[in-house]
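The chain contents come next:
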Amino acid sequence: MERVILRHLKGSKSSQVEEFPLEHFGELVFGRDPSAAVRFDPERDDLVGRQHARIARDPRDRYAFTVTDLQSRNGTFLNRQRVTTAMPLHVGDVIQLGAGGPEVQ
């Protein structure tokens, strides 16, 4: 089964791994909102917005993905660079939700 694997490096979910089968999603929303696919603890991950960032599949290539900030107050960072537009993701990239916030690879 083809899937996206997220490894939580920092934050309340540190050391956890989440898997999402490619056949079941076109995007993953990160946030504290209960409807977010990748949910964070509202108390312990206070730098994360309700709907903070999104990973979306490229409609032209089912194995290509981008990350987009959803106008979060604290920003989204990809490999320490602030995300201002949809940015391509590669294996091993690190997404950080807010400067000093949770990190996911």
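Remember, predicted model here, so these are calculated numbers, not experimental data.

> Whenever I open this one, the side chain of Asp-69 confuses me. Can you help?
Along the chain, the position of Asp-69 falls in strand β6 (residues 61-69). Nearest to the buried, unbridged Asp-69 among oppositely charged side chains is Arg-82, at 5.8 Å. One polar contact links Asp-69 to Ser-72, side chain to side chain, over a distance of 2.6 Å. Residue contacts for Asp-69: discarding those within four places in its chain leaves His-52, Ala-53, Gly-75, Thr-76 and Val-83.

> Before we go on, may I ask you to explain the pairing of strand β5 (residues 53-58) in this structure?
Successive side chains on a regular strand alternate, one facing one side of the sheet and the next facing the other. Judged by how many residues are buried, β5 sits mostly within the fold: five of six residues are covered. Direction of pairing for strand β3 (residues 27-31) relative to β5: antiparallel, over a ladder of four bridges. Its bridge partner being in β5, Val-29 is matched across the sheet by Arg-54. Hairpin geometry of β5 and β6 is characterised by an intervening segment of two residues between the two adjacent antiparallel strands.

> Where do I start with the sheet that holds strand β2 (residues 17-21) in this structure?
Strand pairs in the sheet, formed through backbone hydrogen bonds, run parallel or antiparallel to each other. Across the sheet, six strands lie side by side as β2-β1-β11-β10-β7-β8; this open sheet has antiparallel pairing. Looking at strand neighbours, the two that pair on one side only are β2 and β8 (81-82), the edges of this open sheet. Taken together, the two bridges between strand β10 (residues 95-97) and strand β11 (residues 103-104) define a ladder with antiparallel strand orientation. Bridged to Gln-96 within β11 is Glu-103.

> Can you walk me through the environment of Ala-56 in this structure?
Tracing the backbone shows Ala-56 in strand β5. A sequence separation of 14 residues divides Ala-56 from Pro-42, and the C-alpha atoms of the two residues are 23 Å apart. Setting aside residues up to four positions removed in sequence, Ala-56 forms contacts with Gly-26, Glu-27, Ala-64, Phe-65 and Thr-66.

Cut-offs and rules
- Residues numbered from 1 in each chain as written.
- Predicted model: local features only at pLDDT ≥ 70, side-chain atom pairs only at ≥ 80, totals over all residues.
- Heavy atoms only, no water.
- Helix = DSSP H or I, 4+ residues; strand = E, 2+ residues; numbered from the N terminus.
- Buried < 20%, exposed > 50% of the residue type's maximum accessible area, 1.4 Å probe, protein only.
- Lys, Arg positive; Asp, Glu negative; His and termini not counted.
- Salt bridge = Lys/Arg side-chain N within 4 Å of Asp/Glu carboxyl O.
- Polar contact = N/O pair within 3.5 Å; in protein donor to acceptor, adjacent residues only side chain to side chain.
- Contact = heavy atoms within 4.5 Å.
- Pairing = 2+ DSSP bridges.

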